[in-house]
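Here are the chains, one letter per residue:
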Amino acid sequence: MPYKKIKFRKTRTTSEVISDSLSFLKSEYKTIFKLLSGYVFPFFVLNAFLQVYVQQKILGKIDIYDSEALMANFGPVYLNLFLASLFALFVQSLLIGAFYTYLEAYIHKGKDNFELSDITPRLFSNSLQALIANFVLFALVLLGIMLFVLPGVYFANSFSILVFVFLFEKNNLGQSMQRSFRLVHVQWWSTLLINITGIAIIYFAGLILSLPSAFIGEETPAALPETETVAAGYSVSYWVWIGISSVITSLLWVIPYTFMALQYFNLDERSKANSPPGRNF
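Residues numbered from 1 in each chain as written. Predicted model: local features only at pLDDT ≥ 70, side-chain atom pairs only at ≥ 80, totals over all residues. Heavy atoms only, no water.

With respect to helix α6 (residues 150-158)
Argument step 1. Among all positions in α6, only Gly-152, Asn-157 and Ser-158 are buried.
Argument step 2. In this structure, the buried side of α6 is in contact with α5 (116-146), α8 (173-184) and α9 (188-210). (Buried < 20%, exposed > 50% of the residue type's maximum accessible area, 1.4 Å probe, protein only. Helix = DSSP H or I, 4+ residues; strand = E, 2+ residues; numbered from the N terminus. Contact = heavy atoms within 4.5 Å.)

Description of the side chain of Gln-92
Argument step 1. Relative to the assigned elements, Gln-92 resides in helix α4 (residues 74-109).
Argument step 2. Here Gln-92 is in contact with Asn-134, Ser-250, Trp-253 and Tyr-257, once residues within four sequence places are set aside.

Considering the packing of α8 against helix α11 (residues 254-273)
Argument step 1. The geometry of α8 relative to α11 is characterised by a closest axis approach of 9 Å and an angle of 80 degrees between their N-to-C directions. Here α8 lies roughly perpendicular to α11, going by the angle between them. Where α8 approaches α11, its residues Arg-179, Leu-183 and Val-184 are matched on the opposing element by Tyr-264, Leu-267, Asp-268 and Ser-271.
Argument step 2. Residue composition of the contact of α8 with α11, grouped by class: four nonpolar, one polar and two charged. (Axes fitted to C-alpha atoms, helices over the stretch in contact; angles between N-to-C directions. Parallel < 35°, antiparallel > 145°, perpendicular 65-115°, else oblique. Nonpolar A, V, L, I, M, F, W, Y, C, P; charged D, E, K, R; others polar.)

Here we look at the environment of Ser-117
Argument step 1. Counting through the fold element by element, Ser-117 comes out in helix α5.
Argument step 2. Among the residues examined, Ser-117 registers a relative accessible area of 53% and is labelled exposed.
Argument step 3. The sequence separation of Ser-117 and Leu-35 amounts to 82 residues, and the corresponding C-alpha distance is 9.5 Å.

With respect to the confidence of the model for the protein
Argument step 1. When pLDDT is averaged along the protein, the result is 83, and 83% of the positions lie at 70 or above.
Argument step 2. Here residues 220-230 is a poorly scored stretch, pLDDT under 50, and it has 16 contacts once near neighbours within four places are set aside; other chains count. (pLDDT = per-residue confidence, 0-100.)

Things to note about the pattern of salt bridges
Argument step 1. One pass over the full model with this rule turns up nine salt bridges.
Argument step 2. Between Arg-9 and Asp-268 there is a salt bridge, with the nearest N and O atoms lying 2.6 Å from each other. In this pair, Arg-9 sits in the segment before α1 (14-39) while Asp-268 sits in helix α11, placing the two residues 259 residues apart along the sequence.
Argument step 3. Since its relative accessible area comes to 32%, Arg-9 is described here as partly exposed.
Argument step 4. Residue classification places Asp-268 among the buried residues on the basis of a relative accessible area of 2%.
Argument step 5. In this structure, Glu-269 engages Arg-9 in a salt bridge whose closest nitrogen and oxygen atoms are separated by 3.3 Å. Of this pair, Glu-269 sits in helix α11 while Arg-9 sits in the segment before α1; the two residues are 260 residues apart in sequence, bridging distant segments of the chain. (Salt bridge = Lys/Arg side-chain N within 4 Å of Asp/Glu carboxyl O.)

Have a look at this one:
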């Protein structure tokens, strides 16, 4: 099938954002995988080790026969989850920085008009910017969730294109936040639907990947001594598969990130069309 070049800067419907994103990834997956394998993959593996370690540590604190000990360990459990989430945020920032650097070159120079070595010098600075934007977004969403969940959903959606705006438009963080908020509200519900679709893809991919773990080396609770914790009920092969699943799931995040890139241009074009003559973003 001949290659169809994807034009990023255009007005799209919600379904077109999703279908064109998948078409782009289908045509560019080899180059994207090559970039991510060299720059981000080692951190995917490190994050997988950390996630497995944290899960083992948490389950190691759970004594299925001692409810008082379970309640007493809630603090350390949440601390472990929080630290693991921060490292996952760092790894995702590396992924976004690398992927959006590639998109920036693809959009400005065109397909086949640049080499991966041409964009390598910008990977670190873009990943650092992505980390800053992601940390702000993480804090906003966490604050929103503490305020009865719905504000967290509102913040997450309203600033969902923040990282792309911050990297692509080269403004400061405050301006990028205002710009993201303003653009998303051009089509707030459509953006929410696109975000939900991206998250659903990751969720169901993770669900499918988790199915083999149900049949790999899990012991029955009856086989455990009464002094054993929940973590003792899982074999090494189970934890290895959990780590592999974590790496694959991390890589699949390029799908919703592509959704957000195309949605940014869709919103930008719609915003310009609705602006008074002479107004320039």
